[in-house]
Amino acid sequence: MPELPEVEVVRRGLDSHVVGRVIESVAITHPRSVRRHLEGAADLAARLQGLRVDSAQRRGKFLWLTFDDPESALVVHLGMSGQMLVQAVDAPLEKHAHIRASLHDGTQLRFVDQRTFGGWALAPLVEVAGTRVPEPVAHIARDPLDPLFDLELAVTAIRAKQTEIKRVLLDQTVISGVGNIYADEALWRAKIHGNRLASGLTRAAIRTLLTEATTVMRDALDAGGTSFDALYVNVNGESGYFERALNVYGREDEPCRRCGAPISRMKFMNRSSFYCPRCQPKPRGV
């Protein structure tokens, strides 16, 4: 699933190619792609028609478009394979293009989703801590790249958790945007094992961890995100290449780039965690 850098790459593409355009019509060809819009496909298409896209916004992994209608936003769930592609209206149609929004400038915004876990849904905008966000995003914490992200407040929230630090990093209500890949990378950079208790870490250690999480996601963003297959691309259909710079994730048995010890893999929350057993020693009892 895309994490913050990958979603931000898509958001920037939408900001460049879609903001300011008017939606002339919407075609929906797969009901699963609009299942979160409870009023159905016809309602979504009718309500989007004629709207001008005012902004492309993001919080953590959540992406949405706002319009000249100030009361609602289009929440875009990328899921496991969702792509937001901007194409010429007469460009060949992708096999899994389930939603097509034709824009007034002759382009089309296409939602392509092979696995159909993602989708579009209109949602009301609500105010949370001085910022208007779609109602389904109201519970999501600010992410480290948000200009209003409060580092010390996040440190306090993390230290209050009596559970593993990696579990806390993945909790989008505490800090958003960090998924499995960048959690492992940040923990490696901070020399912290993911099974350490968050409450047992010092404020300085958590501050370092959050700083490293911010840095690794900025580095990934500069590289266009991390693509392990053809399912993650930007709005122009291009893949990111940050996977070449990953230090631990997906590198089981390869040498640690810091100390040379073989990278280890362990199961965590039904996922794989990668770490260096020398740089990130396990806590006792694990």
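For the structure, check the block above.
Just so it is clear, the model here is predicted, and its values are computed rather than measured.

Things to note about the side chain of R142
Along the polypeptide, R142 turns up in the loop between β9 (131–134) and α3 (151–159). In this structure the side chain of R142 is engaged in a polar contact, spanning 3.1 Å, whose partner is the side chain of D146. For R142, the contacting residues outside a window of four places in its chain are R59, V128, A129, T131, L148, F149, I175 and S176.

What to know about the sheet that holds strand β4 (residues 72–77)
Strand-to-strand pairing in sheets goes through backbone hydrogen bonds, with the strands running parallel or antiparallel. With antiparallel pairing, five strands are arranged side by side in an open sheet as β2-β3-β4-β8-β9. Looking along the sheet, the strands with just one partner apiece sit at the ends: β2 (53–59) and β9. In this sheet, adjacent strand axes meet at a mean angle of 35° when their direction is disregarded. With respect to the sheet, helix α1 (residues 4–17) is in contact with β2 and β3 (62–67), its orientation differing from that of β2 by roughly 170°. Strands β3, β4 and β8 (119–128) of the sheet are contacted by helix α2 (residues 41–48), whose axis makes an angle of about 60° with β8.

Observations regarding the pairing of β2
Where burial is concerned, most of β2 is hidden: five out of the seven residues are buried. By the bridge criterion, six bridges tie β2 to β3 in an arrangement that is antiparallel. Bridge pairing links S55 to T66 in β3. Hairpin connection of β2 to β3: two residues between the antiparallel strands, including G60 at a positive phi of 60°.

Brief notes about α2
Taken residue by residue, α2 has L44, A45 and L48 as its buried positions. Here the buried residues of α2 occupy an arc of 95° about the axis, which is enough to place them on one side. Among the exposed residues of α2, those oriented more than 90 degrees off its buried face are A42 and A46. Next to the buried residues of α2 lie β1 (23–28), β3, β4 and β8. Positive phi shows up at G50, right after α2, with a value of about 90°.

Rules used in this analysis
Residues numbered from 1 in each chain as written. Predicted model: local features only at pLDDT ≥ 70, side-chain atom pairs only at ≥ 80, totals over all residues. Heavy atoms only, no water. Helix = DSSP H or I, 4+ residues; strand = E, 2+ residues; numbered from the N terminus. Polar contact = N/O pair within 3.5 Å; in protein donor to acceptor, adjacent residues only side chain to side chain. Contact = heavy atoms within 4.5 Å. Pairing = 2+ DSSP bridges. Axes fitted to C-alpha atoms, helices over the stretch in contact; angles between N-to-C directions. Buried < 20%, exposed > 50% of the residue type's maximum accessible area, 1.4 Å probe, protein only. Arc of directions from axis to C-beta.

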